[in-house]
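Close look at the chain arrangement
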Amino acid sequence: AGHLKEYQPNVVGITSTTPAFPDARRTAETVRQILPEAVIILGGAHISAVPDALADDSFDLGVIAEGELTMLEVVRQFEEDGLSNVTGIAGLAYRSDGEVVLSESRGYIRDLDTIPPPARHLLPPLSAYSPTPASYRKLPLAVLMTSRGCPYRCTFCDRKVFGNLTRGHSADRVVAEVEEALNRYGAREIRFFDDTFTFDKERVLEICEQFLRKDLRFPWTCLTRVGAVTKELLRTMKEAGCWQVLYGLESGDQRMLNALKKRHTVEENEQAVRWDQEVGLGVRGDFIVGTPSETLESLERTLQFAKRLKLDYSHFNKFIPFAGTELYEELTEQGYE
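Residues numbered from 1 in each chain as written. Predicted model: local features only at pLDDT ≥ 70, side-chain atom pairs only at ≥ 80, totals over all residues. Heavy atoms only, no water.

Side note on the side chain of Asp 253
Along the chain, the position of Asp 253 falls in the loop between β11 (242-250) and α8 (254-259). Of note is the side chain of Asp 253, whose polar atom sits 2.5 Å from the side chain of Arg 301. (Helix = DSSP H or I, 4+ residues; strand = E, 2+ residues; numbered from the N terminus. Polar contact = N/O pair within 3.5 Å; in protein donor to acceptor, adjacent residues only side chain to side chain.)

Laid out in structure tokens, this is it:
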């Protein structure tokens, strides 16, 4: 509140996932009390999956999917002429005669290198953050997103923000951002938080080669999927400082993997984990439990699978039907609310 009074912004952006939406609404109400004239914009996963969330008049506009270019146009329009006419800006949700209306879809940013690096100088210092336990060795930890989009269609996953078109920053850009995090912001470790960091194996090899050539010695981890690695790639990653890989293994039961549309077999999951272990990498396995077709037998198979693989860390996530996912649609059709 103090910051709002001091800074007096004309435009306030709030991002929100579905579980965080009540908090986003309360934040917007606080902003409205302090700055009644400010334009309050909602972005992120929830509004992208459920544009009707803008029916809540705590917010003036919604930014759908990727927000960089849309927000830039909104601010330019605001500076020139207020927000009396935003209908020509692609990628927006707005209210008209009490109805939520969507403008033309913007589509996805093809060349991610055209986006400036994150404005980390505007954020709290890295030391203020508490990273995921058991997935870092040194603090402060910096988190980087070097790609967007996922070509897969798992039934529990919402892709409304980044879509199915997979795009990545160039190796040069990734390395430059890593160097900035290490040298300017004091990071001692990096976590690559892309959904599938290794989707482009050649890009990862080039990134690793640059780390080695520039003698950038620091621990790092990444998230990826079992179908996007080879033993050779994992060995190179280990040489370049990687110490842990996170896979969304999801289940140790083949029927469940099929139901979730993981497009992996239990054997492929096991093979990838063995490769990591053979080259000396740690493995963190994520599992999802309690999806609609789950049974006690499939849960038991998953538990035994995780134990048999001797994963360094097994993380069991309780199923939540997020808006915008295939399972959410199925459950809604069945009458659940």
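There's more to say after this.
Observations regarding the layout of surface pockets
If you add up the space inside the second largest pocket, you get close to 330 Å³. In terms of lining, the second largest pocket is formed by His 3, Leu 4, Tyr 7, Pro 9, Val 11, Val 12, Gly 13, Met 71 and Val 75. Within the residue set of the lining of the second largest pocket, elements represented by two or more residues are α1 (2-7), β1 (11-15) and α4 (68-81). Along the lines of polarity and charge, the residues of the lining of the second largest pocket split into 7 nonpolar, 2 polar and no charged. (1 Å grid on protein atoms, 1.4 Å probe; cavity = no way out; pocket = protein on both sides within 12 Å on 5 of 7 lines; lining within 4 Å. Points joined across faces, edges and corners; volume = space filled by probe spheres on them. Nonpolar A, V, L, I, M, F, W, Y, C, P; charged D, E, K, R; others polar.)

Some thoughts on the pattern of salt bridges
Scanning the model with the defined rule gives 18 salt bridges in all. Across the salt bridge formed by Glu 73 and Arg 106, the nearest N and O atoms sit 3.2 Å from each other. One end of the pair, Glu 73, is in helix α4; the other, Arg 106, is in the loop between β5 (99-102) and β6 (141-144), and 33 residues separate them in sequence. Using a relative accessible area of 25% as the deciding quantity, one classes Arg 106 as partly exposed. Arg 184 is the partner of Glu 180 in a salt bridge, and the nearest nitrogen-oxygen pair spans 3.5 Å. Classification of Glu 180 as partly exposed rests on a relative accessible area of 21%. Judged by relative accessible area, which is 53%, Arg 184 ranks as exposed. Members of the salt-bridge network, linked through shared partners, are Glu 66, Glu 68, Arg 148 and Arg 167. (Salt bridge = Lys/Arg side-chain N within 4 Å of Asp/Glu carboxyl O. Buried < 20%, exposed > 50% of the residue type's maximum accessible area, 1.4 Å probe, protein only.)

Remarks on the packing of helix α9 (residues 266-279) against helix α10 (residues 296-309)
Helix packing geometry: the angle between the two helix axes and the distance between the axes. Relative to each other, α9 and α10 sit at 25°, their axes nearing to 11 Å. Overall, the two elements α9 and α10 adopt an arrangement that is roughly parallel. The way α9 lies across α10 gives a crossing that is right-handed. Every residue of α10 that contacts α9 at Val 266, Asn 269, Glu 270, Val 273, Arg 274 and Gln 277 is listed here: Phe 305, Arg 308 and Leu 309. For the contact of α9 with α10, a count of residues per class yields 4 nonpolar, 2 polar and 3 charged. (Axes fitted to C-alpha atoms, helices over the stretch in contact; angles between N-to-C directions. Parallel < 35°, antiparallel > 145°, perpendicular 65-115°, else oblique. Left-handed = near helix turned anticlockwise from the far one by under 90°. Contact = heavy atoms within 4.5 Å.)

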